[in-house]
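# Analysis of the macromolecular model
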There are 2 protein chains.
Amino acid sequence: MTVLDRETLHASLQDPALESIGFLNEIMGCYPDAISFAPGAPHPDPYTELDATRYLDRFLAHAAAESGRTPVQAGRLLYEYGPARGLINGIVADALRRDQGIDVAPESVVITVGAQEAMLLTLRALASSPRDLLAVSDPCFVGITSAAGLLGVGVVPVTDTAEGLDVDALAEACRTARRANRRIRACYVAPDYANPSGSRMELRNRRRLLELAEQEDFLILEDNAYGFTAVPGTELPALKTLDTGRRVVHIGTFAKVCFPGARVGYAIADQDVRTARGSTVPLAAELARLKTAVTVNTSPVCQALIAGMLLEHGGSLAELSRARSALYQRNLTHLLEALDRHTVAGLPDGVEWNRPGGGFFVRMRLPVPVDAALLEASAADYGVLWTPMAPFHPGGGGTHSLRLSCSYLDPERIDEGVRRLVTFLRAKISGATGGGVDGRTDGRTAAVVRR
Amino acid sequence: MTVLDRETLHASLQDPALESIGFLNEIMGCYPDAISFAPGAPHPDPYTELDATRYLDRFLAHAAAESGRTPVQAGRLLYEYGPARGLINGIVADALRRDQGIDVAPESVVITVGAQEAMLLTLRALASSPRDLLAVSDPCFVGITSAAGLLGVGVVPVTDTAEGLDVDALAEACRTARRANRRIRACYVAPDYANPSGSRMELRNRRRLLELAEQEDFLILEDNAYGFTAVPGTELPALKTLDTGRRVVHIGTFAKVCFPGARVGYAIADQDVRTARGSTVPLAAELARLKTAVTVNTSPVCQALIAGMLLEHGGSLAELSRARSALYQRNLTHLLEALDRHTVAGLPDGVEWNRPGGGFFVRMRLPVPVDAALLEASAADYGVLWTPMAPFHPGGGGTHSLRLSCSYLDPERIDEGVRRLVTFLRAKISGATGGGVDGRTDGRTAAVVRR
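All of these numbers come straight from a predicted model, not from anything done at the bench. (Residues numbered from 1 in each chain as written. Chains lettered and ligands numbered in written order. Predicted model: local features only at pLDDT ≥ 70, side-chain atom pairs only at ≥ 80, totals over all residues. Heavy atoms only, no water.)

Counting residues at the interface gives 77 residues for chain A and 77 residues for chain B. Interface area, chain A with chain B, both sides summed: about 6900 Å², of which 60% is carbon and sulfur. Put simply, chain A and chain B have four salt bridges between them. Joining chain A to chain B, the criterion identifies 45 residue pairs in polar contact (both at pLDDT 80 or more). Counting residues per element, the side of chain A that touches chain B draws most heavily on helix H5 (residues 114-126) of chain A, at six residues. Considered class by class, the residues forming the side of chain A that touches chain B number 41 nonpolar, 18 polar and 18 charged. As paired elements, strand E11 (residues 272-274) of chain A and strand E1 (residues 3-5) of chain B share three bridges and run parallel to each other. Residue pairing for E1(B): A:Arg274 is matched across the bridge by B:Asp5. (Contact = heavy atoms within 4.5 Å. Buried area = accessible area lost by both parts, 1.4 Å probe. Salt bridge = Lys/Arg side-chain N within 4 Å of Asp/Glu carboxyl O. Polar contact = N/O pair within 3.5 Å; in protein donor to acceptor, adjacent residues only side chain to side chain. Helix = DSSP H or I, 4+ residues; strand = E, 2+ residues; numbered from the N terminus. Nonpolar A, V, L, I, M, F, W, Y, C, P; charged D, E, K, R; others polar. Pairing = 2+ DSSP bridges.)

Put into structure tokens, the structure is as follows:
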């Protein structure tokens, strides 16, 4: 009987970050009644408004009206293979122009199976030699580091500060790479309320990053997943909006503003690629070519769902984004206020957290190591879950930090979760300055039984 | 303005096979009125029976009945992220047991974005060092060689004969690799009416391949895309059905029996993987871990469409497969009979083709080189398209062969296409033994204008 040792499988399967996520999932499965600040999933409330049939009908009516297709011909679009680059590129390009001032032709858009595939394709296209390195903000979304691991691309961590990526540190990383006969080929950054740090890149910092990309000849992979959560009126322009030199590949997702189950994302890649024959194609066309080796194409049914939803809102995500932003702002404010209330009552010394202006995440620093044992104790004895930060730190940091996600909880669950968390912190961390009871004696949390 | 030379992008973008496919797509775009034997797309007739809404409802009713979910909770399944391994694994495992005698637990199934993603994930998991090679049938489906290219995995071509993969040649390839301090880690094979060769592996050959895999310690990637096209009663057991040693990862797709637009495929990977901590997980679980770096998960909407369709047919694909098989058998018979009729009337010497018992494809050998110029002449002057075989030959052969696909045409179009093809062959190949007119003088084909 065939038995394979994991050590004989690809190295990316031994990635400690993947291991940690596996452990986290296991813990969540074991304590289904715990209040979980762990997953960064969207809130389910908007799902009740969704109507897949209506969106499909809307898209099909549009496809018929636009091209003179009969209803049967339009219907076929859902069932056939479609082009690798996508079916709704024009609709997406229009929305980006309206909503974010990103002005690109449909040919510069490739529709992907979520932002994840867009990241994988872009990284694959750009990293052509073992010399090529990917700089990433540190801490960093594990999706990009796991894609790099799968492709065997070396990762260079660059410190993320409260104002976003440290551009000076990135400049230094470029010089260090060059001295080692390597080069930073691309830099991944999520400028708006990044997962997991919650930080946002200041406008001045955005401009400096674009300048450095020009000077050092690298491309920027901009992940725009959380831009929509800004308080209306406080948005900063996307890197792509500022990108006069076409240094930015802008990666987006419809998972959070529309819904995750469609698995539709995109890359905006308007860089010119010169072929051997001297003709020029947009980088998006090259990404589409690579896509034939990954997923062939993004389900036209899924694309139609998203396009139908966009068309229903005048070809814009602005209205939906505002509604979602209000929901996540409510949750984030609730989380921060709950933490503040407990601070007044006393929290252990050295427990600190940041105060992001948007996004799904708050980062908390503890005076003790944040490891699997601590997480298991928190889940088993206090009925509250969160995510250790270490797996998000390719540079090896984050050993004393955790991430709190408030995206899919309701306010009363956030309150109760914070109560449990604070009880846990007081019990587990010596030097607590306030009162509070040990959650073990609390009937509500003691009811959480490992199954 | 950023301009990238294609030579500075990843090597897989310079793959001549990808180039050829790009050229083929371009040609098809230029001659939309040509009759095309090029794309291996499924026939559109069954699409008129499809009803996405009904399938979704069917799946949701099942999900509610099985788990005690309320309709709202069940509905959420479509909109949320789901598990990376998939949502419908049990339904798929049941169908494989009923339909093909492949008896595996749902935990050994991973649902993927088409068979393409299943191939990519399996290859990524198995090829862990530059020493590891992938053996492929030669000629071979470009999806697997392009996945190998994207991952930088070396490919060893092994001759495909009329009885399928040459197992002796594969044994020799294993020895050669070993002498070079490398190893054949896996072998890709489509045993049933392969794309593009149309060949089928004999039962004895299947057993020999399984024995060799055991002896030489490699895994088999079985691509089962065309098994369903066999004449009922003539099916041979899948390699996975015969796989007592768990040497086979069985890769399937719902694109052809259900519909392509769902982009749902799967890998059956029941090999035991031993982790560092000594526990054991199925290889499918490792593939699901890798999937988090590629597409995160397969759209639950798409999975629900396929599951609904399966449930509507008693959890089996047998009835649908029979209906589709009849359609493709009709087309294949029609193509072969049309070619036979023209043979009687006289065809140039040295024009030969095979006579597959199923599948979508017939392979034709010409006494002249089959290149881009010949294809363009065929399209421009005779209004008929086909696929040059060379891109399917990683070993460099196929320079004088073309592939005819009959899957998505109707019988009258097949007749007319063969008439055009024969006219073209008579005109272009010296030594024609029969009459026939040059298509250039034929009003019907002359109407094909390059746009």
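Tracing the backbone shows A:Glu352 in strand E13 (residues 352-353). A:Glu352 has contacts with A:Arg363, A:Met364 and A:Arg365, leaving out every residue within four places of it along the chain.

The operation relating chain A to chain B is a screw motion whose rotation component is 180 degrees, with 0.0 Å of axial translation and a residual RMSD of 0.0 Å. Taken together, the turn and the small shift mark the pair as related by a two-fold rotation axis. Comparing interface residues between copies, 100% of those in chain A also lie at the interface in chain B; the contact surface is shared. (Least-squares fit on C-alpha atoms with pLDDT ≥ 70 in both.)

All names here are of chain A. For helix H8 (residues 203-216), which comprises 14 residues, the first-to-last C-alpha distance of 20 Å matches the rise-based estimate of 20 Å (1.5 Å per residue) to within 8%. Burial in H8 covers these residues: Asn205, Arg206, Leu209, Leu210, Leu212, Ala213 and Glu216. Relative to the axis of H8, the buried residues are bounded by an arc of 160 degrees and lie together on one face. Every exposed residue of H8 that faces more than 90 degrees away from the buried side is listed here: Arg204 and Gln215. On its buried side, H8 packs onto strand E6 (164-165), helix H7 (167-179), strand E7 (183-189), strand E8 (219-223) and strand E9 (248-253). One or two residues past the end of H8 sits Asp217, with phi positive at roughly 60 degrees. (Expected span 1.5 Å × (residues − 1). Buried < 20%, exposed > 50% of the residue type's maximum accessible area, 1.4 Å probe, protein only. Arc of directions from axis to C-beta.)

For A:Ser316, the position within the fold is in the loop between helix H10 (300-312) and helix H11 (318-345). When neighbours within four sequence positions are excluded, A:Ser316 is seen to be in contact with A:Ala95, A:Arg98, A:Asp99 and A:Leu310.

To continue, consider the sheet that holds strand E1 (residues 3-5) of chain A. The sheet built from three strands is open, its strands ordered E1(A)-E11(B)-E12(B) with mixed pairing. In this open sheet, the two strands that pair with only one neighbour each are E1 of chain A together with strand E12 (280-282) of chain B. Ignoring which end each strand starts from, the neighbouring axes of this sheet average 35 degrees apart. Judged from the three bridges that link them, strand E11 (residues 272-274) of chain B and E12(B) form a sheet pairing that is antiparallel. Bridging from a neighbouring strand, B:Asp272 pairs with B:Pro282 of E12(B). (Axes fitted to C-alpha atoms, helices over the stretch in contact; angles between N-to-C directions.)

Let us now look at the confidence of the model for chain A. Residues and elements named next belong to chain A. On average, residues of chain A score 92 in pLDDT, and 95% of them reach the 70 mark or higher. Throughout residues 432-451 the model reports pLDDT below 50, and contacts reaching past four residues in sequence, or to other chains, amount to 45 contacts. Interface confidence in the predicted complex, given as ipTM, is 0.94; pTM for the same model is 0.94. (pLDDT = per-residue confidence, 0-100.)

Once that is clear, we can look at the nonpolar core. Residues A:Phe59, A:Phe259, B:Phe59 and B:Phe259 are the most contacted members of the largest nonpolar core, which totals 104 residues. Discounting chain neighbours no more than four positions away, the residues touching B:Phe259 are A:Leu78, A:Tyr79, A:Val301, B:Tyr47, B:Leu50, B:Phe254, B:Leu305, B:Ile306 and B:Met309. Core analysis: the next-biggest nonpolar cluster, separate from the first, contains 82 residues, B:Leu4, B:Val249, B:Ala288 and B:Ala293 among them. (Core = buried A, V, L, I, M, F, W, Y, C linked by side-chain atoms within 4.5 Å.)

Time to look at the domain arrangement of chain A. All names here are of chain A. Under the domain assignment, chain A is made up of domain 1 (9-38 + 320-446) and domain 2 (52-316). Every contact between the two is made by 26 residues of domain 1 and, on the other side, 27 residues of domain 2. When domain 1 packs against domain 2, close to 2200 Å² is buried across both sides, 65% of that on carbon and sulfur atoms. The interface formed by domain 1 and domain 2 holds zero salt bridges in total. Where domain 1 meets domain 2, there are nine residue pairs in polar contact (both at pLDDT 80 or more). (Domains from an automatic or database assignment.)

Overall, mixed pairing links the three strands, which are arranged E12(A)-E11(A)-E1(B) in an open sheet. The open sheet has two free edges, formed respectively by strand E12 (280-282) of chain A together with E1 of chain B, since each of these has just one partner strand. Strand-to-strand twist across the sheet, computed as the mean angle between neighbouring axes with direction ignored, equals 35 degrees. The strands touched by helix H9 (residues 283-291) of chain A are E11 and E12 of chain A together with E1 of chain B; relative to E12(A), the strand with the most contacts, the crossing angle is about 75 degrees.

As a further point, take unusual backbone geometry. Residues and elements named next belong to chain B. Of the consecutive residues Asp138 and Pro139, the connecting peptide bond is found in the cis state with omega at 10 degrees. Secondary-structure assignment places Pro139 in the loop between strand E4 (132-138) and helix H6 (142-151). Cis geometry is adopted by the peptide bond preceding Pro196, which originates at Asn195 and carries an omega value of 10 degrees. Its location among the elements puts Pro196 in the loop between strand E7 (183-189) and helix H8 (203-216). Notably, Arg263 is not glycine yet its phi reads approximately 50 degrees, a positive angle. The topology assignment puts Arg263 in the loop between strand E9 (248-253) and strand E10 (265-268). We classify Arg263 as buried; its relative accessible area is 5%.

Quick look at the environment of B:Asp371 now. With respect to the helices and strands, the residue B:Asp371 is situated in the loop between strand E14 (361-365) and helix H12 (372-382). Sequence separation between B:Asp371 and B:Asp51 is 320 residues, and the spatial gap between their C-alpha atoms is 42 Å.

Quick look at the UniProt feature "domain: Aminotransferase class I/classII large" (unreviewed entry) in chain A now. Within this structure's numbering, the places UniProt gives as "domain: Aminotransferase class I/classII large" (unreviewed entry) are residues 69-421 of chain A. Within residues 69-421 of chain A, the helical portion is 41% and the strand portion 18%, while the C-alpha atoms at the span's ends are 58 Å from each other. (UniProt positions renumbered as here; feature names shortened; annotations may be inferred.)

Bringing the packing of aromatic side chains into the picture now. Residues and elements named next belong to chain A. Per the stated rule, a full pass over the model turns up 20 aromatic pairs over all chains. For the ring pair Phe228 and Tyr328, a centre distance of 6.1 Å and an interplane angle of 75 degrees mean the geometry is edge-to-face. With Phe228 in the loop between E8 and E9 and Tyr328 in helix H11, this pair connects stretches of sequence that are 100 residues apart. Of the two residues examined, Phe228 and Tyr328, each falls in the buried class. (Phe/Tyr/Trp six-rings, centres within 6.5 Å; stacked < 30°, edge-to-face > 60°.)

Quick look at the state of the cysteines now. Counted according to the given criterion, the structure contains zero disulfides over all chains. Note on A:Cys140: no disulfide assigned, nearest cysteine sulfur contributed by A:Cys187 at a separation of 9.1 Å. The structure places no disulfide on B:Cys174, whose sulfur is separated from the nearest cysteine sulfur, that of B:Cys187, by 8.0 Å. Judged by relative accessible area, which is 5%, B:Cys174 ranks as buried. (Disulfide = S-S within 2.5 Å.)

All names here are of chain B. Under the defined criterion, the tally for this structure stands at 50 salt bridges over all chains. The closest approach of N and O atoms between Arg179 and Glu172, which form a salt bridge, is 3.5 Å. Given the relative accessible area of 63%, Arg179 is considered exposed. Relative accessible area serves as the criterion here: at 36%, Glu172 is assigned to the partly exposed category.

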